[in-house]
Amino acid sequence: MRVIRVSDYEELSLRSADLIASLIILKPDCVLGLATGGTPLGTYRDLIRLYREGRIDFSQVSSVNLDEYRGLKPNDPHSYRYFMDQNLFQNINIDPAHTFVPDGCESDPASACSKYDAIIDRFPLIDLQLLGLGGDGHIGFNEPSDCFIRRTHCVTLKEETIRANSRFFQDKAEVPHQAYTMGIADIMKASRILMIVSGSSKAAILRQVLEGPVTPAVPASVLHLHRNCTVIADEDALQCCDRLCKDSQFILP
Ligand code: PGA
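We now turn to the structure provided with this report. (Residues numbered from 1 in each chain as written. Predicted model: local features only at pLDDT ≥ 70, side-chain atom pairs only at ≥ 80, totals over all residues. Heavy atoms only, no water.)

**What about the overall build of the protein chain?**
Piece 1. Helix and strand counts for the protein chain stand at seven helices and eleven strands.
Piece 2. Taking 18 Å as the expected radius of gyration for a compact globule of 253 residues, we find that the protein chain reaches 17 Å, a close match to that expectation.
Piece 3. Out of the 253 residues in the protein chain, the part that is buried amounts to 56%.
Piece 4. Considering only intrachain contacts with a sequence separation of at least 6, the fraction spanning at least 24 residues in the protein chain is 81%.
Piece 5. Of the roughly 11000 Å² of accessible surface on the protein chain, 51% is carried by carbon and sulfur atoms.
Piece 6. The centroid of the 26 positive side-chain charges in the protein chain is displaced by 3 Å from the centroid of its 33 negative side-chain charges. (Helix = DSSP H or I, 4+ residues; strand = E, 2+ residues; numbered from the N terminus. Rg over C-alpha atoms; globule rule 2.2 N^0.38 Å. Buried < 20%, exposed > 50% of the residue type's maximum accessible area, 1.4 Å probe, protein only. Contact = heavy atoms within 4.5 Å. Areas by Shrake-Rupley, 256 points an atom, 1.4 Å probe, with all protein chains shown as cover. Lys, Arg positive; Asp, Glu negative; His and termini not counted. Charge placed at Lys NZ, Arg CZ, Asp CG, Glu CD.)

Quick look at the structure:
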């Protein structure tokens, strides 16, 4: 696992957008695994800027998103499909038919999950999977558990996740309690993983991820087992990692 230490959120966003842009330039028909939440917003803003400057072309790119709230329609402003349309897809030249998000409206959860697995399986691989880090260590909506769940599943969100995500809703009571998420095996099958972590509110959990054991109780800890995982984290997020090297880049065993 390679850790890149950056000064702040702006630098984090620039670095992660540059990394994704490099992949698109090298492999124009790449498959991007994309994430929602507050952290990737700056990355998407910078990717849109690079597109508008004529430096990247999304016309052959495909995307598969990590997760979606169960029960929300695609045009619901709180759905992750809506988030992606507003914050990225509508601002670049990606083909909307090549963008995939789990179907939050499918009434049968087992069917919603198997349909999303079938979509993932259509691609030979995900070239780069972008991840945020949940306050409880989740990636996608893979919440702390006693086992890693391999494929797409319906998850009941932890209280901490509902509380954290309530900032995007008028009222905490509006936050759906369930979501569909890509599983850990599909995340780990990506050729490259990029996790971005910003702010002091993530400092304690980032320390557990970077310094602690691999355990499903801290789902992001599984990334230690990936052969090509980069974490870009700012000073605030790294403030509890006092045992780690202070260099701007370092490799964890
Ligand atoms: P955040 O969420 O980017 O809004 O902090 C990260 C996550 O829950 O995956």
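Resuming the write-up.
**Examining the site of the ligand**
Piece 1. Every residue near the ligand is listed here: Gly 37, Gly 38, Thr 39, Gly 132, Leu 133, Gly 134, His 138, Arg 167 and Lys 202.
Piece 2. Within the side chain of Thr 39, a nitrogen or oxygen atom sits 2.5 Å from an oxygen atom of the ligand.
Piece 3. One nitrogen or oxygen atom from the side chain of His 138 is found 2.7 Å from an oxygen atom belonging to the ligand.
Piece 4. For the ligand, whose free accessible area comes to 280 Å², the fraction covered by protein is 86%.
Piece 5. The cavity that encloses the ligand is the largest pocket.
Piece 6. Among the residues making up the shell around the ligand, the classes are represented as one nonpolar, six polar and two charged. (Near = heavy atom within 4 Å. Polar contact = N/O pair within 3.5 Å; in protein donor to acceptor, adjacent residues only side chain to side chain. 1 Å grid on protein atoms, 1.4 Å probe; cavity = no way out; pocket = protein on both sides within 12 Å on 5 of 7 lines; lining within 4 Å. Sits in = over half its atoms within 2 Å of the grid points. Nonpolar A, V, L, I, M, F, W, Y, C, P; charged D, E, K, R; others polar.)

**Some words on the nonpolar core**
Piece 1. In terms of nonpolar packing, the biggest core is built from 40 residues, with Val 64, Ile 139, Met 195, Leu 206, Leu 210 and Leu 223 touching the most fellow members.
Piece 2. Elements supplying a minimum of two residues to this core: helix 4 (109-122), helix 6 (184-188), strand 9 (192-197), helix 7 (203-211) and strand 10 (229-234).
Piece 3. The element contributing the most residues to this core is helix 7, with four residues.
Piece 4. Sequence-distant contacts of Leu 210, defined by excluding residues within four places in its chain, comprise Met 1, Val 3, His 224, Leu 238, Cys 241, Leu 244 and Leu 252. (Core = buried A, V, L, I, M, F, W, Y, C linked by side-chain atoms within 4.5 Å.)

**Focus: helix 3 (residues 80-87)**
Piece 1. Tyr 80, Arg 81, Phe 83, Met 84 and Asp 85 are the residues of helix 3 that are buried.
Piece 2. Where helix 3 is buried, its residues meet strand 2 (31-34), helix 2 (40-52), strand 3 (62-65), strand 4 (67-69), strand 5 (99-100) and helix 5 (159-165).

**Some thoughts on the pairing of strand 2**
Piece 1. Judged by which residues are buried, strand 2 turns out to be covered on both faces: Val 31 and Gly 33 on one side and Leu 32 and Leu 34 on the other are all buried.
Piece 2. Each parallel crossover has a hand, and the one from strand 2 via helix 2 to strand 3 is right-handed.
Piece 3. In this structure, strand 2 lies alongside strand 6 (residues 128-131), joined through two bridges in parallel fashion. Within strand 6, the position partnered with Leu 32 by the bridge is Leu 128. (Right-handed = clockwise from strand over helix to strand, strands pointing away. Pairing = 2+ DSSP bridges.)

**Points about the pairing of strand 10**
Piece 1. Taking burial as the measure, the six residues of strand 10 include six buried ones, the bulk of the element.
Piece 2. By the alternation rule, side chains of strand 10 split into Cys 229, Val 231 and Ala 233 and Thr 230, Ile 232 and Asp 234, which are all buried.
Piece 3. Summarising the sheet, strand 1 (residues 2-6) and strand 10 pair through five bridges and their orientation is parallel. When the bridges of strand 10 are listed, Val 6 appears paired with Asp 234.
Piece 4. With helix 7 bridging strand 9 and its parallel neighbour strand 10, the resulting β-α-β unit is right-handed.

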